[in-house]
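Spelled out from the first residue to the last, the chains are:
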Amino acid sequence: MTIASTLAPIGRRDLHTAWTLTLTAGPAPFEVREVPATVPGTLITDLHAAGLIEDPYLDRHEHDLSWTGECDVLYATTFAWEPTGADRVDLVAASLDTAATVLLNGHRLAEVQNQHRSWRFDVTDALVEGENRLEIRFASPLRTARENETVLGTMPVTGNDLPYNAIRKMACNFGWDWGPVLVTSGIAGPIGLEEWSAARLAEVRPRVTVAEGRGEVALHSLIERADLLDDSALAVTARLRDPAGQLVDETTLETAHDELDLHLSVADPQLWWPRGYGDQPLYTVEIALHDADGTPHDVREHRIGFRTAGVAEEPDEIGTSFTILVNDRPILAKGANWIPDDCFPVRLTAEDYRASITDAVEAGMNILRIWGGGLYESEHLYALCDELGIMVWQDFTLACAAYSELDPLRSEIEAEAREHIVRLAWHPSLVHWNGSNENVEGYHHWGWQEHIPEGAAWGLGYYTELFPALLAELDPTRSYTPTSPYSRPLPADPRNPDHGTVHNWVAWASEEDNDYTRYRDTIPRFSAEFGYQGPANHATIARAITERPLDEDSETMLSHQKAVGGQDKLRRGMAPHLPEVEGFDDFHFATQLNQARALLSGIGHYRSHWPVCSGTIVWQLNDCWPVTSWAAVDGDRRRKLLWYALRDVYAPVLLTIQPRADGPAISLGNDTDEPLSGTLRLRRQRHDGQVLAETTLAARVPARSAATLPVPLPLAAADAPADEVLLVELVELVDTGIRIVHPFAEDRDSALAGEALTVRAEKVEGGVLITAAASSTVRDLCVLADKVDPDATVDRQLVTLLAGESTTVRVRTDAGMDPEAFLADDVLISANDLVARARARTA
């Protein structure tokens, strides 16, 4: 149930003011009594707002708050109420986090325990005229989870061993390998009174389909009556409006029953497509409940899109495919995993969601996977994805743990799944449901079996029985997989790259060899998780870490590095590619650069094998706080170098050099509707610009496919690898930057020149324009503008120049800084600078 979906004539009154919170039990280091509380909000954010604790995102303050999850919290408010003559008054809460006892004027309304559900309580008889007191008493979530384990049994979890799998609460609130342990409680969504008479629409469940040139909308409506004995006739009217707002169909059904079905249709509907494949026309469905004489009772309005969508898993000569189809067309999935955008999602606004989805759109993505260790997301996110053409893969919220299948946990999981299947069925962007994240892999590969009591159900029944049955009943229009990674038809072998989805973590997590070139070890059918770490942007770190000088290995900095052995993996992962670095600034740049190159390498490899590999969903788009992580956009919403790399590698036309058994090959990917025909110009040259060999090749790539051409022998190998590069460019698209500069040696072994740039900076409208001219090869030129102005952004990063070439980079800033500040050695920086500084240290 979504509170915001209910419009007049039901009376709606928010209860968001005059709340206080009191800690009633637990190991709090100070007394908290009737502190002003924000609703929606949480214990931790309210304590911070009251000045009682430090910002948990800064320094090591997270570690001072280990007690918050052990405390009982009382939220209380008073409000005036006068009877309006309505038959019924309900208290409606979108989310209570988590173990809550709800009391109104001393009457116990309910005890609930599920953050992932909404709640509705009949308070008609509990309200009094005049002042009313509403209390919500939250029990300690950690104590509650431990108590639940005594009933459910102890099941394995991954991470810090907190029992997040024994309570229906956002799992990552208990910490993750990118997130802090900030266990909190609170009223996590809107709460208020709804007053209504006679009847209301308790649920409207859509089934939107397209077949034989018609768009069909089947609406299954459930009616709740204020008087259970009332069997008077009611009418439900449904209308369908096209994207221009014109009425295209209308139907009314009169009934004395409380369950009814209506149908709407339109001939030749405008089809919804993911971005890059077509437009996103959205129709509007209006549903009105009224008496037979027209007296209105309830109204709903939703946007829909007509399309067919889902994943095709078909046996073939390799194994089993995993290809997203929309309107029967294969889609090359280019996207990222999504985690909660804040450790305290109640703080997120519509503008926050738009900013983050814009990050995905402007990076060339067409899909987000809503990861199962977080939440079923806000309507803001799904509506934006509908509008902007971002497909959604939705996990059920079970992740990285075994889950008991005993009640009451099973009943809660079923109830939340029912609610969100119906809620999300309206959204055309939702194309795929997934039962869990890594839970089957954990059972077969992480040693869980020895910790699960013999005969105990550990969650498989949810993934293979409950969820598919619910989807078949409530919304059979999307595809479903039990878990990811998953190898159909080999469930006990979820890591098999020839079948279904994989999560490729070898390239990052291997303790022996975490070189990112290991992405090339396999050719998966679909890579649903893979990533490489890099630090947050400099301004984000400088805000979050107050110690000076900044030290990448200080205790405080490591508090913002949650991955086991993360710093060692960062150093080990860049060692094959970059020279050794000294000092925080060079370490920071080098690790961000290596992260960007890792995903350029991995996605470039996967795209070169399209359609065998039909998609990539990187880990991850966003961060929830300032941290070293796999994200492309950091916790302060600054785009890391990785974001710019993703924009390049997710471009519609992609040119890369790939190692093949017979030598280097050119891969040309064409994710457009038109065949790509043109001339490839190849040139092997020295860093100083001397051309050693050149040729041209004819290239033709059909629409929505990739082609591979071998590099001719005179250009495939270098005479002096340290001093040479191979340039490949598509002549017809040279002005758009469709080219690749391929070095024959890693930077650490190369002869990249220092002092190879002539630069100038000048003020222009809206910021600063930097012009750079190269006298020798310059690899991955970047402008770390947030070091100068924390709010500054740039239009380009990772620019490679050859001898004699020049380019411009525009810095958007309103700070009025001296333009020369953006030319400082630690701001305007490239791989050449790392090489030159290492060379100087050796000398």
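Residues numbered from 1 in each chain as written. Predicted model: local features only at pLDDT ≥ 70, side-chain atom pairs only at ≥ 80, totals over all residues. Heavy atoms only, no water.

### Focus on the confidence of the model for the protein chain
(1) Moving on: Mean pLDDT over the protein chain: 96, with 99% of residues reaching 70 or higher.
(2) Moving on: Predicted confidence is poor over residues 1-7, with pLDDT under 50, and the contacts of this stretch with residues over four places away or in other chains come to 23 contacts. (pLDDT = per-residue confidence, 0-100. Contact = heavy atoms within 4.5 Å.)

### Describing the sheet that holds strand β21 (residues 309-312)
Strands pair in a sheet through their backbones, by hydrogen bonds, and they do so in one of two ways: parallel or antiparallel.
(1) Moving on: Pairing is antiparallel in the open sheet, where 3 strands are placed in the order β21-β22-β23. Looking at the sheet topology across the chains shown, the edges are occupied by β21 and β23 (329-331). For this sheet, the mean inter-axis angle between neighbouring strands, taken without regard to orientation, is 40 degrees.
(2) Moving on: Here strand β22 (residues 323-326) pairs with β23 via 3 bridges, running antiparallel. By the bridge assignment, I324 is partnered in β23 with I331. (Pairing = 2+ DSSP bridges. Helix = DSSP H or I, 4+ residues; strand = E, 2+ residues; numbered from the N terminus. Axes fitted to C-alpha atoms, helices over the stretch in contact; angles between N-to-C directions.)

### What about the nonpolar core?
(1) Moving on: Counting 175 residues, the largest nonpolar core has Y75, L96, L368, F396, F467 and L646 as the members making the most contacts within it.
(2) Moving on: Residues L201, V204, L240 and L260 belong to the second largest nonpolar core, which totals 22 residues. (Core = buried A, V, L, I, M, F, W, Y, C linked by side-chain atoms within 4.5 Å. Buried < 20%, exposed > 50% of the residue type's maximum accessible area, 1.4 Å probe, protein only.)

### Brief notes about the sheet that holds strand β39 (residues 757-764)
(1) Moving on: Pairing in this open sheet of 4 strands is antiparallel, and the strands run β39-β40-β44-β42 from one edge to the other. With one partner strand each, in any of the chains shown, β39 and β42 (793-794) form the two edges of the open sheet.
(2) Moving on: Relative to strand β44 (residues 806-812), strand β40 (residues 767-774) runs antiparallel, the two being bridged by 7 bridges. Residue pairing across strands places G767 opposite R812, the latter belonging to β44.

### Notes on the pattern of salt bridges
(1) Moving on: In the structure shown here, the tally under the stated rule is 67 salt bridges.
(2) Moving on: Close ionic contact of R108 with E111 constitutes a salt bridge, the shortest N to O distance being 3.0 Å. Each of the two residues, R108 as well as E111, counts as exposed.
(3) Moving on: Connected through shared salt-bridge partners, R12, D14, R88, D90, R120, D122, E194, R200 and E224 make up one network. (Salt bridge = Lys/Arg side-chain N within 4 Å of Asp/Glu carboxyl O.)

### Considerations on the packing of aromatic side chains
(1) Moving on: The full count for this structure, using the stated rule, is 31 aromatic pairs.
(2) Moving on: Taking the centre distance of 4.0 Å and the plane angle of 5 degrees together, the rings of Y443 and W458 count as stacked. One end of the pair, Y443, is in helix α6 (residues 439-445); the other, W458, is in the loop between α6 and α7 (460-474), and 15 residues separate them in sequence. By the burial criterion, Y443 is buried, and W458 matches it.
(3) Moving on: The aromatic ring of W643 is capped on one face by R639, whose charged end is 3.9 Å from the ring centroid.
(4) Moving on: Geometry around Y277 places R704 over its ring, the cationic atom sitting 3.6 Å from the centre. (Phe/Tyr/Trp six-rings, centres within 6.5 Å; stacked < 30°, edge-to-face > 60°. Lys NZ or Arg CZ within 6 Å of the ring centre and 35° of its normal.)

### Observations regarding helix α13 (residues 641-649)
(1) Moving on: Most of α13 sits inside the fold, with 7 of its 9 residues counted as buried.
(2) Moving on: Those residues of α13 that are buried are in contact with α3 (350-362), α12 (584-608), β31 (615-618), β32 (653-660), β41 (778-783) and β42.

### Some thoughts on the environment of V112
(1) Moving on: For V112, the location among the structural elements is in strand β9 (residues 107-113).
(2) Moving on: Along the sequence, V112 and G186 sit 74 residues apart, while their C-alpha atoms lie 13 Å from each other.
(3) Moving on: The residues touching V112, leaving out its near neighbours within four places in the chain, are L96, T98, A99, A100, W119 and F121.

### Considerations on the packing of helix α5 (residues 409-424) against α7
(1) Moving on: Contact geometry for α5 and α7: axes closest at 10 Å, N-to-C directions at 35 degrees. Read as a crossing pair, α5 and α7 show a hand that is right-handed. Listed contacts from α7 to L409, R410, I413, E414, A417, R418, I421 and V422 of α5 are Y462, L466, F467, L470, L471, E473 and L474.
(2) Moving on: Of the residues that constitute the contact of α5 with α7, the class distribution is 11 nonpolar, no polar and 4 charged. (Left-handed = near helix turned anticlockwise from the far one by under 90°. Nonpolar A, V, L, I, M, F, W, Y, C, P; charged D, E, K, R; others polar.)

### A few points about the environment of T397
(1) Moving on: Along the chain, T397 turns up in the loop between β26 (391-395) and α5.
(2) Moving on: Spatially, the C-alpha atoms of T397 and G373 are 5.7 Å apart, while their sequence positions differ by 24 residues.
(3) Moving on: Ignoring any residue separated from it by four or fewer positions in sequence, one finds T397 in contact with H116, R168, G372, G374, L375, Y376, Y403 and E416.

### Regarding the side chain of E412
(1) Moving on: By the element assignment, E412 lies in helix α5.
(2) Moving on: Judged by its relative accessible area of 19%, E412 falls in the buried class.
(3) Moving on: Separated by 3.2 Å, the side chains of E412 and R117 make a polar contact.
(4) Moving on: If sequence neighbours within four positions are ignored, E412 has contacts with Q113, N114, R117, W119 and R168. (Polar contact = N/O pair within 3.5 Å; in protein donor to acceptor, adjacent residues only side chain to side chain.)

### Topic: the state of the cysteines
(1) Moving on: The tally for this structure, following the rule as stated, stands at 0 disulfides.
(2) Moving on: Residue C624 stays outside any disulfide, its sulfur separated by 3.5 Å from that of C343, the closest cysteine.
(3) Moving on: Given a relative accessible area of 5%, C624 falls into the buried group. (Disulfide = S-S within 2.5 Å.)

### Some words on α3
(1) Moving on: In this model α3 runs 18 Å from its N-terminal to its C-terminal C-alpha over 13 residues, within 8% of the 18 Å that 1.5 Å per residue would give.
(2) Moving on: Positive backbone phi, at 85 degrees, marks G364, one or two positions downstream of α3. (Expected span 1.5 Å × (residues − 1).)

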